[in-house]
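# Structure at a glance
Listed below, chain by chain, are the residues.
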Amino acid sequence: MTAAALEVAGLRVAVRNGSALTPTVTDFSFSVAPGESLGLVGESGSGKSLSLRAVAGVLPPGVAKTGGDVVTGGARMAMIFQEPLTALNPTRRVGDAIADVVQATRRCSRRDARAAAVALLTEVGMTDPARRARMWPHELSGGLRQRAVIAMALAHEPSILLCDEPTTALDVTVQDQVLGLLDRLRQERNVALVFVTHDLAVVATLCQRVAVMYAGQIVETGPTRDVLREPRHPYTRALLESSRTRTSPAGARPIGGQPPTPGSFPDGCRFAPRCPHANEVCRTMTYDLAGVNDQRADACVRTLELTAVNS
Ligand SMILES: Nc1ncnc2c1ncn2[C@@H]1O[C@H](COP(=O)(O)OP(=O)(O)OP(=O)(O)O)[C@@H](O)[C@H]1O
Ligand SMILES: [Mg+2]
């Protein structure tokens, strides 16, 4: 077993409301090895972005990390944010902005840093990189901008790359190119990737392992193939079902009900109010993410019973 590039244990994040703190992410733990890719999925508002930002140490104002450990063993980490435009300074030419990061990462002359910026733009598949390095962010198309953002992240020479929906704003062809690029970087540079997405098909092609988040907690994790083929937590099953039916002729089957919002998480299992299998135990007992064997873990108290029924 390779040592983890990144290990996160019991991470907690809270949002400040006046003097009160509302727990928003309450149990976020995972590890990812060098060259491995972990997908992070879950409905909107489940806490994926805040969790990644807490890991990277870049939480927005009014949001605080209230517990947990992030261990990297000194490895450098970079993050690609959900809103790519905000990552590029509108008053700095693309090449200069990347050269700034190069110089902040290692000692070198401005001339070398500029050359390194052009090399990075080439590496992320930008044609005519020397000319584009002299452009302003608003002069680039969405796809090129996202490549510039990735080049900027690579300028940190990271061994861990946190990606928050890096392709959502792009059209499908460009999406495929950018995903291919990230996958190549993972393999060639042995970078550990954590990848937030709404698209389970992307997880299936890009990520060896997956973690499913619901209402501020990871509720299931394991090898992607196993989790997608045989989900154990009823939330994972519902999520897969809704994703499979999204394109079906019979129409989408969305998950019934609404997820709870921070500050109103119910007692017991947070998915119980929407779960077809919930019983009294589920509504009262808190059950942490627990693994039985084979690298898989889930937070459903009834897993063994329900798996036996379904198989
Ligand atoms: N800056 C903020 N201040 C206060 N609350 C926030 C802030 N950012 C997020 N939240 C709240 O924290 C919870 C988790 O948000 P987060 O953005 O992490 O969700 P997400 O899983 O990334 O959703 P999406 O899939 O829509 O990106 C939500 O209830 C959200 O409203
Ligand atoms: Mg998000």
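The structure reproduced in this document is the subject of the present report. Note that the structure is a prediction, hence the values are computed from the model and not measured.

### Some remarks on the overall build of the protein
Within the protein, the regular secondary structure consists of 12 helices and 11 strands. Relative to the 2.2 N^0.38 estimate, which gives 19 Å for 311 residues, the radius of gyration of the protein is 21 Å and therefore close to what a compact globule would have. Across the 311 residues in the protein, those meeting the buried criterion constitute 50%. In the protein, the share of contacts with a sequence separation of at least 24, taken over all contacts with a separation of at least 6, comes to 65%.

### Some points on the site of ligand 1
Taken together, the neighbourhood of ligand 1 is formed by 16 residues, with S44, G45, K48, S49 and L50 sitting nearest. Here an oxygen atom of ligand 1 sits 2.7 Å away from a polar atom, N or O, in the side chain of K48. A breakdown of the residues in the shell around ligand 1 according to their chemical character gives 5 nonpolar, 8 polar and 3 charged.

### Comments concerning the pattern of salt bridges
A full pass over the atoms with the stated rule returns 16 salt bridges. Linking R296 and E220 is a salt bridge whose minimum nitrogen-to-oxygen distance equals 2.7 Å. In this pair, R296 sits in the loop between β10 (290-291) and β11 (297-298) while E220 sits in strand β9 (residues 217-223), placing the two residues 76 residues apart along the sequence. With relative accessibility at 4%, the residue R296 sits in the buried group. Within this structure, R92, D96, D100, R110 and R114 form a network of salt bridges that share partners.

Criteria and thresholds
- Residues numbered from 1 in each chain as written.
- Chains lettered and ligands numbered in written order.
- Predicted model: local features only at pLDDT ≥ 70, side-chain atom pairs only at ≥ 80, totals over all residues.
- Heavy atoms only, no water.
- Helix = DSSP H or I, 4+ residues; strand = E, 2+ residues; numbered from the N terminus.
- Rg over C-alpha atoms; globule rule 2.2 N^0.38 Å.
- Buried < 20%, exposed > 50% of the residue type's maximum accessible area, 1.4 Å probe, protein only.
- Contact = heavy atoms within 4.5 Å.
- Near = heavy atom within 4 Å.
- Polar contact = N/O pair within 3.5 Å; in protein donor to acceptor, adjacent residues only side chain to side chain.
- Nonpolar A, V, L, I, M, F, W, Y, C, P; charged D, E, K, R; others polar.
- Salt bridge = Lys/Arg side-chain N within 4 Å of Asp/Glu carboxyl O.

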